[in-house]
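# Secondary and tertiary structure notes
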Amino acid sequence: MADGSIGGRHRCRIGIDVGGTFTDFVLSDPRDGRLVYFKEPSTPSDPSQAVERGIQGLLDRAGAAREDIELIVHGTTLGLNAIIQRRGTRVALVVSTGNRDVLELARSRMPSSYDLYCAKEEPLVPRDAIFEIDARADARGRVTDKPRPAQVAQVAKRIKAGGFKAVAVALINSYLAPGIEDEVAAALAKQLPGVLITRSAEIWPEIREYERSLVATMNAYIHPLLNSYLTTLKRRLAAIGVTAPIYITASNGGTLSLETAADRPVDTILSGPAGGVVAAARLAAVAQRREIITIDMGGTSCDMAVSKAGEPEYTTRTEVGDFPLILPVVNVSAIGAGGGSIVWVDGEGILKVGPESAGADPGPVSYGRGGTRATVTDCYLVAGQLDPDRFLGGRMKLDRAAAEKALLAVADRIGIKGTDRAARAADAALRVATAKMATELYKALAYRGLDPAGFALIPFGGAGPTHCNLLAEEARLPTIIVPPGPGTFCALGAILSDVKRDYVRTVRTRLTADPAVAKLLRRSVEALEADGLAWLKREGAVVDGHEIAYAADMRYAGQAFDLNVPIPKAVREKLTAAALADLLHAEHDRRYGFRDADSAVEIMTLRVRITGKVPPIDLPRVAGGGGAAVPVGKRRVFHADGGIGTWIDAPLYARQALKAGTRFAGPAVVEQEDSTVWVLPGWSAAVDAVGNLHLTKGAGA
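First, a word on what this report is: a plain description of the structure on this page. These numbers were taken from a predicted model, which means no experiment stands behind them. (Residues numbered from 1 in each chain as written. Predicted model: local features only at pLDDT ≥ 70, side-chain atom pairs only at ≥ 80, totals over all residues. Heavy atoms only, no water.)

### Describing the pattern of salt bridges
When their charged atoms lie close together, side chains carrying opposite charge are able to pair. The test is simple: One speaks of a salt bridge when a side-chain nitrogen belonging to Lys or Arg is within 4 Å of a carboxyl oxygen belonging to Asp or Glu. Segments assigned H or I by DSSP are reported as helices when at least four residues long, segments assigned E as strands when at least two residues long, and all are numbered from the N terminus.
On inspection of all chains with the given rule, the structure shows 41 salt bridges. One salt bridge in this structure joins Arg373 and Glu356, with 2.6 Å as the shortest N-O distance. Of this pair, Arg373 sits in the loop between strand 22 (351-357) and helix 10 (376-382) while Glu356 sits in strand 22, and the two are 17 residues apart along the sequence. The closest approach of N and O atoms between Lys443 and Glu440, which form a salt bridge, is 3.2 Å. Of this pair, Lys443 and Glu440 both sit in helix 12 (residues 421-448), separated by three residues, roughly a single helical turn. One salt-bridge network, in which partners are shared between bridges, spans Arg208, Arg510, Arg555, Asp562 and Glu602.

### Points about the sheet that holds strand 9 (residues 166-170)
Definition in use: Paired strands are those between which DSSP finds at least two bridges. Orientation is described by lines fitted to C-alpha atoms, with helices fitted over the stretch in contact, and by angles between N-to-C directions that extend from 0 to 180 degrees. Only heavy atoms matter for contacts: two residues are in contact if any of them lie within 4.5 Å across the pair.
Strands sit in the order 6-5-9-10 across an open sheet of four strands; the sheet is parallel. Two strands lie at the open edges of the sheet, namely strand 6 (130-133) and strand 10 (196-199), each paired on one side alone. If you compare each strand with its neighbour and ignore which way they point, the axes differ by 20° on average. In the sheet, strand 9 pairs with strand 10 via four bridges, with the strands oriented parallel. Directly across from Ala168, in strand 10, lies its bridge partner Thr198. Against the sheet, helix 4 (residues 149-162) makes contact with strand 5 (91-96), strand 6 and strand 9, and its axis sits at roughly 170° relative to strand 6, the strand it touches most. Packing of helix 5 (residues 179-191) onto the sheet brings it into contact with strand 5, strand 6, strand 9 and strand 10, and relative to strand 10 it is tilted by some 175°.

### Quick word on the side chain of Asp24
Defined as follows: Burial status follows relative accessibility: with a 1.4 Å probe on protein chains alone, a residue under 20% of its type maximum counts as buried, one over 50% as exposed, and anything between as partly exposed. Here a polar contact is recorded for every N or O atom pair within 3.5 Å, except that within protein the pair must consist of a potential hydrogen donor and a potential acceptor, and residues adjacent in sequence are included only if both atoms are side-chain atoms.
Inspection of the secondary structure puts Asp24 in strand 2 (residues 22-29). With relative accessibility at 8%, the residue Asp24 sits in the buried group. A distance of 2.6 Å separates polar atoms of two side chains, one belonging to Asp24 and the other to Lys39. Asp24 has contacts with Gly15, Ile16, Asp17, Phe38, Lys39, Gly487, Thr488 and Ala491, leaving out every residue within four places of it along the chain.

### Considering the packing of helix 12 against helix 13 (residues 464-475)
For clarity, the threshold we go by: Any angle that falls under 35 degrees is termed roughly parallel, while one over 145 is termed roughly antiparallel, one within 65 to 115 roughly perpendicular, and all others oblique. Crossings are sorted by hand: turned counterclockwise from the far helix by less than a right angle, the near helix makes the crossing left-handed, and turned clockwise it makes it right-handed. Only Asp, Glu, Lys and Arg are considered charged, only Ala, Val, Leu, Ile, Met, Phe, Trp, Tyr, Cys and Pro nonpolar, and every remaining residue, Gly among them, polar.
Running from N to C, helix 12 and helix 13 point in directions that differ by 60°, and their axes come no closer than 9 Å. Taken together, the axis directions place helix 12 and helix 13 in an arrangement best described as oblique. Considering how the two elements wind past one another, helix 12 and helix 13 form a crossing that is right-handed. Contact with helix 12, carried on its side by Leu430, Ala433, Thr434, Ala435, Met437, Ala438, Leu441 and Tyr442, involves His467, Leu470, Leu471, Glu474 and Ala475 of helix 13 and no other residues of that element. Looking at side-chain class alone, the contact of helix 12 with helix 13 contains ten nonpolar, two polar and one charged residues.

### Some thoughts on unusual backbone geometry
Between Gly354 and the following residue, Pro355, the backbone shows a cis peptide bond with an omega angle of 0°. Following the sequence through the fold, Pro355 ends up in strand 22. Residue Pro667 follows Gly666 across a cis peptide bond; omega there is 5°. By the secondary structure assignment, Pro667 is in the loop between strand 31 (663-665) and strand 32 (668-672). In this structure, Asn173 takes a positive phi of about 60° despite not being glycine. Tracing the backbone shows Asn173 in the loop between strand 9 and helix 5.

The structure is reproduced here in C-alpha cells:
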C-alpha cells in the first residue's frame, strides 16, 4: 500500500521499547511523514505505568489523538530479566519415567572446564518439582508407553498441593509423537484449572531432549508473568482510550500479536535488542552500506550484532543467562558496559567497569535518586560530554557535583593526584570500558569469521552515540553512521518489523536417492508451510502479503554438529536429496575451506520462516541546502588522547538544525533530546538525506 498505512487509513503507529532505565517511544505519522520521539523513565515495579504515561506524553508532543493510533508494537525485556534474575513463577516439569534429572545433567559440562571453583548453574526447576510419568516414544516416533489416567491424576494432585502456577510437559521423543504430550496436557488441564500448561513438542519440536525441555521450561517459567503484564498493559491503555491492536516484538526480529505472545512468551525473550538491529539494517540500505556492525548501548549493557546485505545475522544457538536457547534469534552478543554500569576498584587497586548496573532505580549518582557509586553516565557528565541542564531535552536535570564526588572517591582508590582528578578518573573509566568493548568486538567478529575493515558502525541506545567514536577509534573502524533518533532506535525498529514466526521439524534421515526420502522432505515442508499460513491468518489485519524462507540443518555422516543451510526457492520446488547435498557441500566449503563430496550427508532438521509483510514506513527526509555547520555554542570537554588530558572547547551543534549536506570537523558535540554525539579530534561529520550523521576518520578533519 503506497501510503504505508494499514487498510489504507492515514493513522499513526507507535513503537515502544521498555528498557531497564528508560522506556522509549516513536510515533510514525503518515500525514506528514514525520517521526516523533519520546523517552519516559522506566518503572521496574510495573512497566505498564511508564508505557501509559509515555504514550500520553508522546501523543501530546505529536499533536495526535488516541483514536489516531492504528497499531502499537511493543518490545520488552521482561521475560529475559525474569530468567536472568530468577524472578519467574514456580514451575512443575512433567517428564518420562527415568528422565527426572534432565535439567540437572544438562550437557554434562561445566561452565568453565579449567576453573576448579566454578559452580554449575542452578536449574530453573529444582529436582523435587519434576514429576515422572510412564509416557514416551522411541527414536522412530512410535509410542512405547501411554499415560495412565490414574498416574496423571496422582501427578496433578501433587502439582496442586505444591501450589505451582505453571507446568511444562517434556516427554522423551515427543518431537516425533506430539500426541502423547497433548494427551497428558489435556488431562492435567482438566484437573488443574487456572494453571498454564506448556507442551515441549508444541513450543519447539526439535531433537535434543535437554534443549527442548529447557525451552518448554522457560516458556512456563515466564508464562504467568508475561500474561499478567500483557493483560495489565491492555487494560491500562483501554482506560485512557487506546483501543489499537498491540503487537509484541519477537527474538527473531519480527512481531507477534498479543495473543500469540501471551501463548508463546519464550519467543519474546530477546525481543528488545532485535528491534534495533532490524532498524539498523533498514537504515544501512538507505545509506547504501551492505555490511554493518551495530552497538546498542543502553542503561545496563552494550550489545553487538552484524547485518549483511540488509539482513540481520541469525543464530539457533545462544545463551540466556546460564542456559542455552535453541530458538532462531537475531545474533546479538554482549560486549561491554552500559550507561548505568558501575565504575569500581577491585581489591588489587585495578579500575573496572560493570557488569553490575545501577539500573533505573537508583540509577547513576547524577540522577539524584540515592545512587552513591559512579557510573558510565556520571563519567560522560564529569568529562563534559553531557550538559546537566539539557538531559532528555531539559526534562531531567543531572547533579554534576554529586557525580564528581563519586568519581573523586574512585580517583583516591587508583591514586590519581593533582588537578582535574574527577575528570581524569572519568576518562580512565571510559578508556577501560572502551578497551573491553573493542576486545570483545574483535572476538565476536573473529568467531563469525569476519574482517571488521569493511564494516560501518551504527550506534544506538541512549549511550551508544556518546561512546561510539571512542570505540571506533580503539577498534580502528573507519566509519560511523549515527541514526537520527538513536536513543529510541529499538522503538523505531518495532514499527519497521514485519510479523514473523519460525517453524521447525526434525526429520533425521540420510540423503539418498530413495524416493521415500524425497517424499518425507516434501511432506514435512508442506506441513510446516500449512501451519505457518494458518497462524498468519489469525494474526490480524496488519498483514499485507507474505514471504516464506526455508533452511535445513545438515552435516556429513559422523559429524557431531550441524550446519544451518538456507534453501533457495528453486531448490524448494523440487526438494531432491542431491540438490540439498550440493547446498551442504557449498556451505561447508564457504565456512571451512573444503568439502567432502564422498561422504554421506544427513539432514537433521527442516526450518520454515513465514513473514507477514506489514505496509512499510518511509523514513522522513531532512531539508537540504546544508554546507558548513553553524555551532549554537561551545562545550568544555575533557580529552586525554593518550596523555594526561586537558580541557578543550568543542563546538556545540543542535542535531535538529543540521540539514542534508552539512559538514563539520571534530572535536565537536552534537546534542539532541534522546542522546549526545561526541566527535573526536581527527574525525569529520556529514549529514545525509534522511538525517544520518556520518563520522569518518581523517576525511576533511
